[in-house]
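Here are the chains, one letter per residue:
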Amino acid sequence: MKTRLTYAPTEHDLEEIKTALRTFNRNFVPQSKFRELGIFVEDENGSKQAGIVAETVGNWMYIQMLWVDESLRGKDVGTQLIAEAEAEGNWKAIESSYD
C-alpha cells in the first residue's frame, strides 16, 4: 500500500472515491438513490454567472459547490441559491444539508 498526493486529481480519481463511498453508504442509508441537483444563474446568452451543485440521498442534501461570479458578489445571489436548494430540500422532506 502506498499514498499518492496530487494537486490535480483526475475525473477517474474522483469518480472512484465517490463510487466507493456510495457503495459503503448504501449499507446505512435507507433510500440509496443519489440524485444530483443544480441551480444556476445564467445571463441572456446562457453563460453561468453563479451556481450551486448538490447531491441528495434519503433525507440529506450535500452541497458540493457554490460559486458566484465576482460581478454578482455582495448582492445575496449565493444566499438566494442556498435558499432555493433548501426549498427544494423542504419539498423532498430533507432533514439536513451540509457542505
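Up top is the structure these notes are about.
Being a predicted model, the structure only gives us computed values, none of them experimental.

Student: Would you take a moment to explain the overall build of the chain for this structure?
Tutor: Scanning the chain from terminus to terminus reveals two helices and four strands. Scanning the chain from its N terminus toward the C terminus, one meets helices and strands in the order α-β-β-β-α-β. A total of 99 residues make up the chain; the buried ones form 24% of that total. A separation threshold of at least 6 residues defines the contact pool for the chain, and within that pool the share at least 24 residues apart is 41%.

Student: It is not clear to me how the nonpolar core should be interpreted in this structure. Could you clarify?
Tutor: Generally speaking, a soluble globular protein has its nonpolar side chains buried in company with each other. By size, the foremost hydrophobic cluster in this structure holds twelve residues: Leu37, Ile39, Ala50, Ile52, Ala54, Met61, Ile63, Val68, Leu72, Val77, Leu81 and Ala85. Of all elements in the fold, only strand 1 (35-42), strand 2 (48-57), strand 3 (60-68) and helix 2 (77-91) reach the threshold of two or more residues within this core. Setting aside chain neighbours within four positions, we find Ala50 in contact with Ile39, Phe40, Val41, Trp67, Val68, Val77 and Leu81.

Student: Could you clarify how one ought to interpret the environment of Glu55 in this entry?
Tutor: As for its position among the elements, Glu55 is in strand 2. Assessed through its relative accessible area of 10%, Glu55 is described here as buried. Note: C-alpha distance between Glu55 and Leu37 (18 residues apart in sequence) is 5.7 Å. Discounting chain neighbours no more than four positions away, the residues touching Glu55 are Lys18, Arg22, Phe34, Arg35, Glu36, Trp60, Met61, Tyr62 and Gln64.

Student: How do you make sense of a nonpolar patch on the surface when you look at a structure like this?
Tutor: A cluster of nonpolar side chains, contributed by Leu21, Phe24 and Phe28, occupies part of the molecular surface with about 350 Å² of accessible area. We classify Phe24 as partly exposed; its relative accessible area is 48%.

Student: Explain the pattern of salt bridges to me, please; I cannot follow it from the model alone.
Tutor: Where charged atoms from two side chains of opposite charge approach closely, those side chains can pair. Taken as a whole and judged by the stated rule, the model has three salt bridges. In this structure, the salt-bridge partner of Lys18 is Glu36, at a minimum N-O distance of 3.2 Å. Of this pair, Lys18 sits in helix 1 (residues 11-25) while Glu36 sits in strand 1, placing them 18 residues apart in sequence. As a salt-bridge pair, Lys48 and Glu42 come within 3.1 Å of each other at their nearest N and O atoms. Glu42 gets classed as partly exposed once you look at its relative accessible area, which sits at 42%.

About the cut-offs
Residues numbered from 1 in each chain as written. Predicted model: local features only at pLDDT ≥ 70, side-chain atom pairs only at ≥ 80, totals over all residues. Heavy atoms only, no water. Helix = DSSP H or I, 4+ residues; strand = E, 2+ residues; numbered from the N terminus. Buried < 20%, exposed > 50% of the residue type's maximum accessible area, 1.4 Å probe, protein only. Contact = heavy atoms within 4.5 Å. Core = buried A, V, L, I, M, F, W, Y, C linked by side-chain atoms within 4.5 Å. Patch = residues over 30% accessible without salt bridge, like charges linked within 9 Å, V, L, I, M, F, W, Y side chains within 5 Å. Areas by Shrake-Rupley, 256 points an atom, 1.4 Å probe, with all protein chains shown as cover. Salt bridge = Lys/Arg side-chain N within 4 Å of Asp/Glu carboxyl O.

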